[in-house]
Amino acid sequence: MAANSGKIYIAADKLYCYDTTLTQLWAYDGGAPCSSSPQLEGDKLYLGIGDKIHSVDLNGNNVWQSPAIVGGSINSSPKVSNGIVYYGAQDKKIYAIKQSDGSPVWNYLTLDKVESSPMVYGGMCIIGSTDYELYCIDTISGLLRWKYHTLERVNSSPTIHPSTNTVLVGSYDFNFYAIDHVSGKLKWKYPAGSLIKCSPVVYGNLVYFTSFDRYLYCVDARDGKLIWKQFINANSQGSPIVDDLSNGQYSSESGMSK
């Protein structure tokens, strides 16, 4: 889901647009059910539908569809940065395509499906894979800068603590990781009680995430110390949102895959 200027965009069997009274304004049929969450950038929406990225304007009209170069569905929600759309796919690849027309820029092959959604920061595209790795790819060259190995799948979508240039991401190995953005070396990790699939959200020096152990965690992003945790009585793959009543903080979007 995405929202802006009194409109809500929901990906389901089609891409739907509602106003704040839940009146449907339009529905975009991409020929198949939506397979990722929509990402709003400027006056366009970008989302995965089957094996293509679709660019849709805010009136529900198709602008372009990416070429059918992906050998599997796109469950990773795309990220747009500096005229490039980044995403992962079930064919084990990380892709970069042009925002203007969807034409290919580069792709990088991992060892398993890519269901995490990318973060773009400091000239690097950072994204997890079900091959247990977190990848950092140079946004210009498409070459690997570093990768960090966990002990299970990384379907969580990474985020950044900007004041320390720390990448924050969860893994199915029950650990929440803090990794140096430049070197790819571990700074700290926090052990949860079960797998972490959600996308974390950073607010100030705190990072929030949920786990399948039924807890919502608040951890200091600088050193990994637990501030508090709250039992929520349900396994959670949902991503937190922080509302400070003035400027809400939102987590990066995970894909729609299970």
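This is a predicted model, so every value here is computed, not measured.

(A) Spatial organisation of the packing of aromatic side chains. Enumeration according to the criterion identifies 14 aromatic pairs in this entry. Grouped by ring-pair contacts, the aromatic residues Phe176, Trp188, Tyr190, Phe209, Tyr215, Tyr217 and Phe231 constitute a single cluster. It is Lys229 that lies over the ring of Tyr215; its NZ or CZ is 4.6 Å from the centre.

(B) Expanded view of the environment of Lys7. One can find Lys7 in strand 2 (residues 7–11). Sequence spacing of Lys7 and Asn82 is 75 residues, and the spatial spacing of their C-alpha atoms is 25 Å. Not counting chain neighbours up to four residues away, the residues in contact with Lys7 comprise Ala2, Cys17, Tyr18, Leu25 and Leu58.

(C) Spotlight on the pattern of salt bridges. For the structure shown, the criterion picks out 6 salt bridges. We note a salt bridge from Arg145 to Asp138, for which the minimum N-O separation is 2.7 Å. Owing to a relative accessible area of 41%, Arg145 belongs among the partly exposed residues under this scheme.

(D) How the structure looks around the nonpolar core. If you look at the biggest cluster of nonpolar residues, it comprises 14 residues, and the most contacted ones within it are Leu168, Phe176, Trp188, Tyr190, Val207, Phe209 and Val219. Among the elements of the structure, strand 19 (175–180), strand 20 (186–191), strand 22 (206–210) and strand 23 (215–220) are those that each provide at least two residues to this core. Each residue touching Leu168, except ones within four places of it in the same chain, is listed here: Pro158, Thr159, His161, Phe176, Tyr177, Ala178, Trp188, Pro200, Val202, Val207 and Ala221. Among the nonpolar cores identified, the runner-up in size contains 13 residues, and Met124, Leu134, Val167 and Ile179 belong to it.

(E) The sheet that holds strand 19, seen in detail. A sheet is described by the order of its strands in space; here 4 strands give the open sequence 17-18-19-20, paired in antiparallel fashion. Only two strands of the sheet have a single partner each, and these edge strands are strand 17 (159–161) and strand 20. Direction aside, the axes of adjacent strands within the sheet are offset by 25° on average. Taken together, the 5 bridges between strand 19 and strand 20 define a ladder with antiparallel strand orientation. Within strand 20, the position partnered with Phe176 by the bridge is Tyr190.

(F) The pairing of strand 16 (residues 144–149), seen in detail. Sheet topology places strand 15 (residues 133–138) next to strand 16; 5 bridges connect them, and they run antiparallel. Paired with Ile137 across the bridge in strand 16 is Leu144. Taking the residues that link successive antiparallel strands as the turn, the strand 15-strand 16 hairpin has 5 residues, and the phi of Gly142 there is positive, at about 75°.

(G) Molecular detail of the environment of Gln230. For Gln230, the location among the structural elements is in strand 24 (residues 226–231). Under the relative-accessibility criterion, Gln230 is labelled partly exposed at 45%. Look past the residues within four positions of Gln230 in its chain and what remains in contact with it is Arg214, Tyr215 and Leu216.

Rules and cut-offs
Residues numbered from 1 in each chain as written. Predicted model: local features only at pLDDT ≥ 70, side-chain atom pairs only at ≥ 80, totals over all residues. Heavy atoms only, no water. Phe/Tyr/Trp six-rings, centres within 6.5 Å; stacked < 30°, edge-to-face > 60°. Lys NZ or Arg CZ within 6 Å of the ring centre and 35° of its normal. Helix = DSSP H or I, 4+ residues; strand = E, 2+ residues; numbered from the N terminus. Contact = heavy atoms within 4.5 Å. Salt bridge = Lys/Arg side-chain N within 4 Å of Asp/Glu carboxyl O. Buried < 20%, exposed > 50% of the residue type's maximum accessible area, 1.4 Å probe, protein only. Core = buried A, V, L, I, M, F, W, Y, C linked by side-chain atoms within 4.5 Å. Pairing = 2+ DSSP bridges. Axes fitted to C-alpha atoms, helices over the stretch in contact; angles between N-to-C directions.

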